[in-house]
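Below are the chains, spelled out letter by letter.
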Amino acid sequence: MAQGSGTSLKPGELLKRFDGLISHWGVYTGKTVVHFVPDGGSFGTGSKVMLDRPVPGTVREDDLEIFRKGHKIEPYNISSFTPEETIKRARNLLGQRTYQLSVSNCEHFATSVAGDCRSLQVESAKLAANTFLGNLFRSQDFSGMGSGIEAIK
């Protein structure tokens, strides 16, 4: 896989930058990457982004090395469109947008211009949270609590 040199990357591919537990996504144009960030940086808005509140964001076009930030990147050729159309669709969205982690993040942006708007990161996090909460409540004994209706009578 590509390490960010740009030599094996192809225009129109989606790029995934690994930032530890999370990844950042964009669309490679041949020299630059069109990507979506909350204003103030990847998580510059901090707790508002993590609490899934809508915050101002920007779809911008940066040099590959600025997008890469020294991290490993992987290309994904998953677009339903030609490379030219994928790039055009990404560039048509340049500018201010509302960023919201669960419904409008960088992965949603990249996959939407490729024809399949989704974020596997968000889907995986939701599944993990649901599994954790399900296991947590399944292990609790609520039998002595009653239904709560008695307290209302």
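Position labels on residues start from 1 in each chain and follow its written sequence. Selection of residues for local features in this predicted model requires a pLDDT of at least 70, selection of side-chain atom pairs for listing and counting requires 80 or more, and totals for whole chains, interfaces and linings are taken over all residues. Only hydrogens and water are set aside when side-chain values are computed; all heavy atoms of the structure are taken into account.

### As for the nonpolar core
The term nonpolar core refers to a set of buried residues drawn from Ala, Val, Leu, Ile, Met, Phe, Trp, Tyr and Cys, joined through side-chain atoms within 4.5 Å. Relative accessibility under 20% of the residue-type maximum defines a buried residue, over 50% an exposed one, and the middle range a partly exposed one, all with a 1.4 Å probe and only protein chains included. Of all hydrophobic cores here, the largest spans 15 residues; its most connected members are Leu-14, Val-27, Ala-90, Phe-109 and Ala-110. Comment: elements are numbered from the N terminus, with helices defined as DSSP H or I runs of at least four residues and strands as E runs of at least two. Counting residues per element, the ones that place at least two in this core are strand E2 (22-28), strand E3 (32-38), strand E4 (55-63), helix H3 (83-91) and helix H4 (106-113). Residue contributions to this core peak at four residues, all from H4. Apart from the residues lying within four places of it in its own chain, the contact partners of Phe-109 are Val-27, Val-34, His-35, Phe-36, Val-59, Ala-90 and Leu-93. One finds Leu-9, Val-33, Leu-64 and Ile-73 within the second-largest nonpolar core, a separate group that totals seven residues. When checking whether two residues touch, look at their non-hydrogen atoms; a contact exists if any pair is within 4.5 Å.

### A closer look at the pattern of salt bridges
Salt bridge criterion: a side-chain nitrogen from Lys or Arg within 4 Å of a carboxyl oxygen from Asp or Glu. Counting across every chain of the model gives five salt bridges. A salt bridge links Asp-62 to Arg-60; its shortest N-O distance comes to 2.6 Å. By relative accessible area, Asp-62 is classed as buried at 14%. The shortest N-O distance in the salt bridge between Glu-74 and Lys-72 comes to 3.4 Å. Under the relative-accessibility criterion, Glu-74 is labelled buried at 13%. Judged by its relative accessible area of 36%, Lys-72 falls in the partly exposed class.

### Section: unusual backbone geometry
For Lys-69, which is not glycine, the phi dihedral falls at a positive 50°. Secondary-structure assignment places Lys-69 in the loop between helix H2 (64-68) and strand E5 (73-76).

### Concerning the sheet that holds E3
Read across the open sheet, the six strands follow the order E5-E1-E2-E3-E4-E6; overall the sheet is antiparallel. Looking at strand neighbours, the two that pair on one side only are E5 and strand E6 (95-99), the edges of this open sheet. Between one strand and the next, the sheet's axes are offset by a mean angle of 30°, whatever the strand orientation. Only strands that DSSP links by at least two bridges are regarded as paired with each other. Of the pairings in the sheet, the one linking E2 to E3 comprises three bridges and is antiparallel in character. Within E3, the residue paired with Gly-26 across the bridge is His-35. Between the N-to-C directions of two axes lies an angle of 0 to 180 degrees, each axis being a line fitted to C-alpha atoms and, for a helix, fitted only over the stretch in contact.

### Overview of the confidence of the model for the chain
Residue-level confidence of the predictor, termed pLDDT, takes values from 0 up to 100. Averaged over all residues, the pLDDT of the chain is 78; the fraction at 70 or higher stands at 65%. Of all the helices and strands in the chain, helix H6 (residues 149-152) carries the lowest mean pLDDT, 42, while H3 carries the highest, 97. Note that residues 145-153 has pLDDT below 50 and, in this model, zero contacts with residues that lie over four places away or in other chains.

### Notes on H4
By the criterion of burial, H4 is predominantly enclosed, with seven of the eight residues buried. Just downstream of H4 lies Gly-115, where phi reads positive at about 105°.

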